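Secondary and tertiary structure notes
Each chain, letter by letter, is given below.
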Amino acid sequence: MTPNASPSSSNSASTPSRRVRKAVLPAAGLGTRFLPATKAQPKEMLTVVDKPQIQYVAEECVAAGIEHIIIVTGRGKHSIEDHFDSAPMLENFLTEKGKKDQVEMVREISNMVQVSYTRQKEPLGLGHAVLVARDLVGDEPFAVLLGDVLIPGENPATKQLIDVYEATGVGAIAVEEVPREKTHLYGIVAGEPAPLPPFGNRLLRIKDLVEKPKPEVAPSNLAITGRYVLPPAIFDCLARTKPGAGNEIQLTDGMRILAQEQGLWALIYEGISYDAGDKLGFLKATVEIALQNKELGKDFREYLKSLKL
């Protein structure tokens, strides 16, 4: 089904499954925007309040019904694997100290979801990182979540996209409005409204995608947010994608081919995102997520009120 067709929840035996079980989390980047903090540790492991960024993203996957996470890593990223692995020595230590709540918390991290790893040996772009996961994903639809984009909330952005895909059989990406003078920082979509129940005017049929266009030539101010649900056909599209911006294989360019050949939705998702891979975005995420924290939020809010700004 293409975006020119109407959505349907029916599924014949000959139709590929629309159930989205897997997610790819690209985490092989060098984190240069956050130097020197990322000189010796992965940017995905930088802590926002009390959890590393990538744990927030993994929890979003679980809340969206994902059963299997595939993390694309690179050299120096072993701490990501350690974080999601079991930690018997730590558990034993906490047990001996009578810290049952902390034992349970540690166990929940390693038991929350099945996690597999594959390596991107060279930093050849986001599109290439997704392509590296091809064998582990197989011939089924999957989500892609950027590890430094945090979208907290009770209605996960990934689940919103899964709902679109499972209703229509067509890939969907999350978008949000950004100031036009900042379009050069994002992938930007050109789309036309395609209101379908229950998504309404938040759903757009993508006509084109452009990676980091200058404001004067940007087709819109709708920026790709870092959440995607894609059909397996994207892998063939990426395999045919030539290096683009930064001389890298861009996921945006691969999705452009997909949009032309099979169709692609843009969903103006419900929620607020934080670019925690950027220093200012990281600070905003830390403050706002801390304010929502059940243990710290009240005291932290009072502290902020006491500041003479």
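This text follows the structure it describes.
Criteria and cut-off values
Residues numbered from 1 in each chain as written. Predicted model: local features only at pLDDT ≥ 70, side-chain atom pairs only at ≥ 80, totals over all residues. Heavy atoms only, no water. 1 Å grid on protein atoms, 1.4 Å probe; cavity = no way out; pocket = protein on both sides within 12 Å on 5 of 7 lines; lining within 4 Å. Points joined across faces, edges and corners; volume = space filled by probe spheres on them. Helix = DSSP H or I, 4+ residues; strand = E, 2+ residues; numbered from the N terminus. Nonpolar A, V, L, I, M, F, W, Y, C, P; charged D, E, K, R; others polar. Buried < 20%, exposed > 50% of the residue type's maximum accessible area, 1.4 Å probe, protein only. Contact = heavy atoms within 4.5 Å. Phe/Tyr/Trp six-rings, centres within 6.5 Å; stacked < 30°, edge-to-face > 60°. Lys NZ or Arg CZ within 6 Å of the ring centre and 35° of its normal. Salt bridge = Lys/Arg side-chain N within 4 Å of Asp/Glu carboxyl O.

Our focus in this paragraph is the layout of surface pockets. In this structure, the second largest pocket occupies an estimated 550 Å³ of space. Around the second largest pocket, the lining comprises 19 residues; the ones closest to its centre are Lys51, Tyr56, Glu59, Pro152 and Ile289. Residue assignment for the lining of the second largest pocket shows that the elements contributing at least two residues are helix 1 (53-63) and helix 10 (279-292). Counting residues per element, the lining of the second largest pocket draws most heavily on helix 1, at five residues. Among the residues making up the lining of the second largest pocket, the classes are represented as eight nonpolar, three polar and eight charged.

A separate point is the environment of Met45. Residue placement: Met45 occurs in the loop between strand 1 (22-26) and strand 2 (47-48). In this structure Met45 comes out as buried when scored by relative accessible area, which is 14%. For the pair Met45 and Gly29, spaced 16 residues apart in sequence, the C-alpha to C-alpha distance is 12 Å. Beyond its immediate stretch of four places on either side in the chain, Met45 contacts Pro52, Ile54, Ser79, Ile80 and His83.

Our focus in this paragraph is the packing of aromatic side chains. Inspection of every chain in the model, using the stated rule, returns three aromatic pairs. Pairing Phe34 with Phe282 gives two aromatic rings, centres 5.1 Å apart and planes at 80°, and the pair type is edge-to-face. One end of the pair, Phe34, is in the loop between strand 1 and strand 2; the other, Phe282, is in helix 10, and 248 residues separate them in sequence. Exposure class is identical for Phe34 and Phe282. Each is buried. When the ring of Phe300 is compared with that of Tyr303, the centres are 6.3 Å apart and the planes differ by 20°; the resulting orientation is stacked. Placement of both Phe300 and Tyr303 in helix 11 (residues 297-306) is noted, with a separation of three residues, approximately one turn of the helix. Residue Phe300 is classed as partly exposed on the basis of its relative accessible area, which comes to 23%. On the accessibility criterion, Tyr303 (45% relative accessible area) is partly exposed. In this structure, Lys51 packs its charged tip against the face of Tyr56, placed 4.6 Å from the ring centre.

With that settled, consider the pattern of salt bridges. This structure, assessed with the given rule, holds 18 salt bridges. The salt bridge partner of Asp275 is Arg33, with a shortest N-O separation of 2.9 Å. Of this pair, Asp275 sits in strand 13 (residues 274-275) while Arg33 sits in the loop between strand 1 and strand 2, and the two are 242 residues apart along the sequence. The salt bridge involving Glu270 is made with Arg202; its shortest N-O contact spans 3.6 Å. Pair noted here: Glu270 is in the loop between strand 12 (265-268) and strand 13 and Arg202 is in the loop between strand 9 (187-193) and strand 10 (203-211), with a separation of 68 residues, a long-range link. On the basis of relative accessible area, Glu270 is assigned to the partly exposed category, the value being 44%. For Arg202, a relative accessible area of 23% translates into the label partly exposed. Look at the salt bridges and you will find they share partners, linking Arg19, Arg21, Lys22, Glu67 and Glu140 into a network.

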